[in-house]
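The primary structure of each chain is shown beneath.
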Amino acid sequence: MDDRNEHGSESSGSGSHTGQSQSGTRTRIGLDVGTSKVVSARGDNVSPTTDSQLNAFFDVPYSALHEQGLKANRTPFYREDDRLIVYGDASEKFAHIFNANVRRPMAKGILNPHEPQATHVLETVLGTLVPVSRNPGELLAFSVPAAAPETGHELTYHEETIKRYLKGRGYTPLAVNEGLAVVLAELAKEGFTGIGISCGGGMCNVAISYLSIPSLTMSLAHGGDFIDSSVGAVVNEPATRVKAIKEETLDLTREGGDKIDKALHIYYDRLIESLVDELGKAVQKTPKLPRNDQPMPIVLAGGTSKPNGFRDRFEKALRRRSWPFQVGDVRMASDPLTATARGALVAALAER
Ligand SMILES: Nc1ncnc2c1ncn2[C@@H]1O[C@H](COP(=O)(O)OP(=O)(O)OP(=O)(O)O)[C@@H](O)[C@H]1O
Ligand SMILES: [Mg+2]
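Only a predicted model underlies this, so the values are computations on that prediction, with no experimental measurement involved.

Q: So what exactly am I meant to see when it comes to unusual backbone geometry here?
A: Trans is the prevailing form of peptide bonds, just as negative phi is the prevailing case for residues other than glycine. Residues other than glycine seldom take positive phi values, yet Arg-74 does so here, at roughly 55 degrees. Among the structural elements, Arg-74 can be located in the loop between helix H1 (64–72) and strand E5 (77–80). Residue Arg-74 is classed as exposed on the basis of its relative accessible area of 75%. Within the chain, Phe-192 stands out as a residue other than glycine whose phi angle is a positive 55 degrees. Tracing the sequence through the fold places Phe-192 in the loop between helix H5 (178–186) and strand E11 (194–199).

Encoded structure:
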């Protein structure tokens, strides 16, 4: 990570920033640019205000009638040639109605190279949470994943596309590694020392941090989407429907529901095992782990960590292996869905 700064990501390289509002107070934003959701956090470290938007879209053929219907219903959309693109939270409702899947501008943590609409939709979704800055140079820290072998280790295009968009809206962008953001959000009392893990829609991201300095960042290019599509394939249901059932009903402390529930348990276990395996390999390979006699606290965040029982299953899988550090408490983030955005805000507020 030689060309990386203390936030475990490339420096924004942009010029000076004031981020002073007209009243003289510093305003900062933290943004979690996730495969499934974009989340913003603003205010202070203690009780930030958060907001979110689904990072997804659904397109329907253009007709004047459809367009009027969407307008009358105040559904966010735009027209692209002969299609109407419904984006954000509303897209999932449309997918349910048509028993189909939403499309995503991002896949496995980065802009989806196979989706021609990717950049435009992502920018439109970001725009709903990040208005043009009234304080030029306002600092905005956004999350980026650690490079994964499955996505060709390539983050530059994704990161630069977001930076350019944010600069165009008057911000000074700063990229922050997602696992580190979890540490920044949840381990202030521990001096930002510990392991932050975010299990999201497209990926799981991990950072091992000592005093806020990441000694290891890694990712697995599987997350909730992998669970939804794998279960969908074996029970012959669209992934969007499996996702809704998973979010509403899954309890990992209780085995043995219907076919979908059984399949959800199987793929959750698979995900947890793969994450612990890959983390084990990454830890073995790195020569840079700090020598620390204190047990390392571990914080779990991200939507995929939310089901009841996830923490226990993860902890069991983790403790079955031996690690070159002592595993401390394994705990859930105070709010798993906003931890990355809140941590990005901590990084933004720390900048002078
Ligand atoms: N209550 C819940 N139970 C199970 N899964 C959930 C729940 N709530 C959200 N999820 C899942 O969490 C995932 C989204 O999590 P999150 O918003 O943290 O991801 P993301 O940050 O957008 O993605 P990534 O970090 O991978 O780029 C989705 O797969 C969603 O289905
Ligand atoms: Mg995430």
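Let us keep going from here.
Q: I would appreciate a short explanation of the packing of H5 against helix H10 (residues 339–350) in the present structure.
A: It is at 7 Å that the axes of H5 and H10 come closest, and there the two elements cross at 80 degrees. Judged by the inter-axis angle, H5 sits roughly perpendicular to H10. On the side of H5, the interface is formed by Glu-178, Ala-181, Val-182, Leu-184, Ala-185 and Glu-186, while H10 contributes Ala-339, Thr-340, Arg-342, Gly-343, Ala-344, Val-346 and Ala-347. Of the residues in the contact of H5 with H10, the class split is eight nonpolar, two polar and three charged.

Q: Just checking my understanding: could you explain the domain arrangement of the protein chain for this structure?
A: Accessible area lost upon the coming together of the parts serves often as the stated size of an interface. Split into domains, the protein chain comes out as domain 1 (56–103) and domain 2 (196–332). On a C-alpha basis, the centroid separation for the pair domain 1 and domain 2 is 33 Å. Taken together, the seven residues of domain 1 in the interface contact six residues of domain 2. Across the contact surface, domain 1 and domain 2 share one salt bridge. Between Glu-92 and Lys-243 there is a salt bridge, and its shortest N-O distance comes to 2.9 Å. Connecting domain 1 to domain 2 are four residue pairs in polar contact (both at pLDDT 80 or more). Per-class residue counts for the side of domain 1 that touches domain 2 are three nonpolar, three polar and one charged.

Cut-offs and rules
- Residues numbered from 1 in each chain as written.
- Chains lettered and ligands numbered in written order.
- Predicted model: local features only at pLDDT ≥ 70, side-chain atom pairs only at ≥ 80, totals over all residues.
- Heavy atoms only, no water.
- Helix = DSSP H or I, 4+ residues; strand = E, 2+ residues; numbered from the N terminus.
- Buried < 20%, exposed > 50% of the residue type's maximum accessible area, 1.4 Å probe, protein only.
- Axes fitted to C-alpha atoms, helices over the stretch in contact; angles between N-to-C directions.
- Parallel < 35°, antiparallel > 145°, perpendicular 65-115°, else oblique.
- Contact = heavy atoms within 4.5 Å.
- Nonpolar A, V, L, I, M, F, W, Y, C, P; charged D, E, K, R; others polar.
- Domains from an automatic or database assignment.
- Salt bridge = Lys/Arg side-chain N within 4 Å of Asp/Glu carboxyl O.
- Polar contact = N/O pair within 3.5 Å; in protein donor to acceptor, adjacent residues only side chain to side chain.

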